[in-house]
Amino acid sequence: MEPIVALVGRPNVGKSTLFNRLTKSKNAIVDNTPGITRDRLYGEAKWDDNTFIIIDTGGLDHFSADPMATSIIQQAYIAMEEADIILFITDARHGLIAQDYEIANILRKSKKPVLLVVNKVDEQSLEHLSYDFYALGFNELFPVSSVQGYGLNDLQTRLNVLIIPEEQDHKKNDEDICRIAVIGKPNAGKSSMINKLAGKERLLVSDIPGTTRDAIDTTITFNNKPYIFIDTAGIRKKARINENIEYYSVVRALKSIKRADVTLLMIDASEGISEQDTKLAGYISEANTSVIICLNKWDTIKMEPKKYLHYLDTIRVRLKFIPFAPMVTISALTGRHLNKIFPVIDKVYNQFSLRISTNRVNNLLKQASEAHTPPYIRNYKRLKFYYATQISTKPPTFIIFTNYPKDVHFSYERFLSNQIREHLGLKHTPIRLFFKQRKSKRR
C-alpha cells in the first residue's frame, strides 16, 4: 500500500497550501483565517515514480474557543495514528511559540518518524528564520515555501529515503505471491470467508456491520501455495458514512483494490445485487484489476432451478461493464465451495499476469483485420493497422500502431479487444489497448 504522510501543526501555518503543492491540486481550501480545515483531506502525490498518500489535517489548538476544536483535534490524532511519516509544519514568519512546543511533545510520543518543516521561507536569504526551531529537539529541519516551492526537493528526497527501501524489500519478498483484496458491503461475509479459509479465527467476525476498520493482510496456504488475502472494511454509501474512522476505512479499502492482483467482490446473495454493489464493481473496473464475483450465503437461497439461471443473468446484466469476471457461489458460514475459489483465483491471476509473444499478437491482428476490414475514414482513406505488441502485464496492455490512432472507433476497438480475449487466452482479465501513430518512413 502507498506510504501515508500526515501534515500536522497549529492553525494557519500553511498545511493546506503545502498539501495542494504536493498533490498538485486545489482540493484544500486555503485562507488566512485559522481553522478553515476541519476534516481530514486525502490526496495522492507522485515523486520520482513513487506514490504517497498525503493527509491534510486541521490545526491543533487545545485552547481554542471554537466548539469544533475537539472534533478537529480528534481528526488530527486519527491521521497521526494511521500515518507512516508525520510532517510537523511550523511558521517561520510568526516564529517559535508555545503551541509548537506542545505539539512537538505530542509527536514525540507517537513514536513515528517526524520531519520538522519550517514553512513560509520564500528564499534562501530567509533560512535564518528557521534556526530557532531547532529548539524543538528534532534532528532534521527543512525550511520550505509551500507557495514558492522553495526547499521542497530536499524534503521529497528525504521522504523517499525513509519509505522506499522498506517498500522495495516488501515487494521483493512477496513479488511472486498473488494478492487478493476482498471487498463488499458491510456484513457481506468477507471476514467470515477468510477465517474459514485460514482455518482459525484470524479476523474479528460480528453481525454488527462495520466491525473491520482497516485493511488486514492474511497469508493463507492452499496446496502448498501461499496467497495473501486483504480483508477490507465494508463500503457503505457515502450518505451513510457518519463515523470519522469509517470514512478513512473506505479510503484504505479502495486503495487495497489498487494493490491487489485479484479482487473478490462479495455480494450477499440473500439480498440480491444492490446499487452499491454495482458501484464497487465500477471502482474495480477503474482500477484495471482482475475480479471474481462471489455470491455469498448461497445456502440461504431457495428457488426453482429455472429461477437460479434468471437470478444469475440479472447479476450479469447489472455488472455488464465487467463481463470478463467469473462468478462463484459460496457459503462462508458452512464453507460450501470455498476450496473451489483457489483454482479460479489461479486462472484469473495467470491471465492477469500473462505475457504473449509479439508474433502471436501480430498474427491475431492480421487475422482480425482480414475478418473484419477496418472502415474508411477521413478523405476516403482506409484505417490501417501495421503491427502490435504487448508492453506490460497486470493487466495485459497492448500498443497497436496505426495510421490514424484518433479515428479508431470504440466499436472497432471493442472488436479487437474481444478477439484478443478469445484467441489469446485472456477471457477472465481486463485488458488495455493503446493506439499510436506509426512514424512515417523517409524516402
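Computed from a predicted model, the values in this text were never measured in an experiment. (Residues numbered from 1 in each chain as written. Predicted model: local features only at pLDDT ≥ 70, side-chain atom pairs only at ≥ 80, totals over all residues. Heavy atoms only, no water.)

Caption draft 1: Representation of unusual backbone geometry. With an omega of 0°, the peptide bond running from K394 to P395 counts as cis. By secondary structure assignment, the location of P395 is in the loop between β13 (385–392) and β14 (397–402). Positive phi outside glycine occurs at K111, with the angle close to 60°. Positive phi values are uncommon outside glycine, yet K394 reaches one of about 55°. For K394, the position within the fold is in the loop between β13 and β14. (Helix = DSSP H or I, 4+ residues; strand = E, 2+ residues; numbered from the N terminus.)

Caption draft 2: How the structure looks around the packing of aromatic side chains. A complete count under the given rule lists 10 aromatic pairs for this structure. Centroid distance W298 to Y308: 5.5 Å. Interplanar angle 40°. Geometry classified as tilted. With W298 in the loop between β11 (290–296) and α8 (305–318) and Y308 in helix α8, this residue pair connects regions lying 10 residues apart in the sequence. On the basis of relative accessibility, which here comes to 9%, the residue W298 falls in the buried class. Among the aromatic residues, ring-to-ring pairing joins F222, Y227, F229 and F342 into one connected group. Cation over ring: R108 sits above F138, and NZ or CZ is 5.2 Å from the ring centre. (Phe/Tyr/Trp six-rings, centres within 6.5 Å; stacked < 30°, edge-to-face > 60°. Buried < 20%, exposed > 50% of the residue type's maximum accessible area, 1.4 Å probe, protein only. Lys NZ or Arg CZ within 6 Å of the ring centre and 35° of its normal.)

Caption draft 3: Highlighting helix α10 (residues 358–371). The terminal C-alpha atoms of α10 lie 20 Å apart, and with 14 residues this matches the ideal 20 Å at 1.5 Å per residue to within 8%. For α10, every residue scored as buried is listed here: V361, L364, L365, A368 and S369. Buried residues of α10, seen end-on, are gathered within an arc of 130° and therefore sit on one face of the element. Along α10, exposed side chains directed more than 90 degrees from the buried face belong to N359, K366, Q367, E370 and A371. (Expected span 1.5 Å × (residues − 1). Arc of directions from axis to C-beta.)

Caption draft 4: Looking closely at the side chain of S145. Structurally, S145 can be placed in the loop between β6 (141–143) and α4 (152–174). Within the structure, S145 has its side chain in polar contact with the side chain of D122 (distance 2.7 Å). (Polar contact = N/O pair within 3.5 Å; in protein donor to acceptor, adjacent residues only side chain to side chain.)

Caption draft 5: Seen up close, the nonpolar core. By size, the foremost hydrophobic cluster in this structure holds 27 residues, and its most contacted members are V8, F88 and L107. Listed by contribution, the elements that provide at least two residues to this core are β1 (4–8), β3 (50–56), α2 (69–82), β4 (85–91), α3 (98–110) and β5 (114–119). (Core = buried A, V, L, I, M, F, W, Y, C linked by side-chain atoms within 4.5 Å.)

Caption draft 6: Examining helix α11 (residues 410–423) more closely. For α11, with 14 residues, the first-to-last C-alpha span of 20 Å sits near the 20 Å given by 1.5 Å per residue. Buried residues of α11: Y412, F415, L416, S417, Q419, I420 and R421, and no others. Buried-residue contacts for α11 involve α10, β13, β14 and β15 (432–437). Positive backbone phi, at 70°, marks G425, one or two positions downstream of α11. (Contact = heavy atoms within 4.5 Å.)

Caption draft 7: View of the pairing of β13. Note: β13 against β14, 6 bridges, orientation antiparallel. The partner of Y387 across the bridge, within β14, is F401. Remark: 4 residues form the turn of the hairpin made by β13 and β14, two consecutive strands paired antiparallel; K394 in that turn has positive phi of roughly 55°. (Pairing = 2+ DSSP bridges.)

Caption draft 8: How the structure looks around the pattern of salt bridges. Inspection of the entire model under this criterion finds 9 salt bridges. One salt bridge in this structure joins R158 and E140, with 2.5 Å as the shortest N-O distance. In this pair, R158 sits in helix α4 while E140 sits in the loop between β5 and β6, placing the two residues 18 residues apart along the sequence. A relative accessible area of 27% places E140 in the partly exposed class. (Salt bridge = Lys/Arg side-chain N within 4 Å of Asp/Glu carboxyl O.)

Caption draft 9: Quick look at the environment of K120. Take K120: it is sitting in the loop between β5 and β6. Along the backbone, K120 and T90 are 30 residues apart, and their C-alpha atoms lie at a distance of 8.7 Å. Not counting the four nearest positions on each side in its chain, K120 is found in contact with N12, V13, G14, D91, A92, R93, V144 and S145. One polar contact links the side chain of K120 to the main-chain carbonyl oxygen of N12, over a distance of 3.3 Å.

Caption draft 10: How the structure looks around the sheet that holds β6. Taken together, 6 strands build an open sheet; the order of strands is β2-β3-β1-β4-β5-β6 and the sheet is mixed. Looking at the sheet topology across the chains shown, the edges are occupied by β2 (41–47) and β6. Within this sheet the neighbouring strands show an average axis-to-axis angle of 25°, counted without direction. Against the sheet, helix α1 (residues 15–23) makes contact with β1, β2, β3 and β4, and its axis sits at roughly 45° relative to β2, the strand it touches most. (Axes fitted to C-alpha atoms, helices over the stretch in contact; angles between N-to-C directions.)

Caption draft 11: Spotlight on the sheet that holds β14. Read from one edge to the other, the open sheet built from 3 strands follows the order β13-β14-β15, with strand pairing classed as mixed. Each of the sheet's edge strands pairs with one partner strand only, and the pair in question is β13 and β15. With direction set aside, neighbouring strand axes in the sheet form an average angle of 25°. In the sheet, β14 pairs with β15 via 6 bridges, with the strands oriented parallel.

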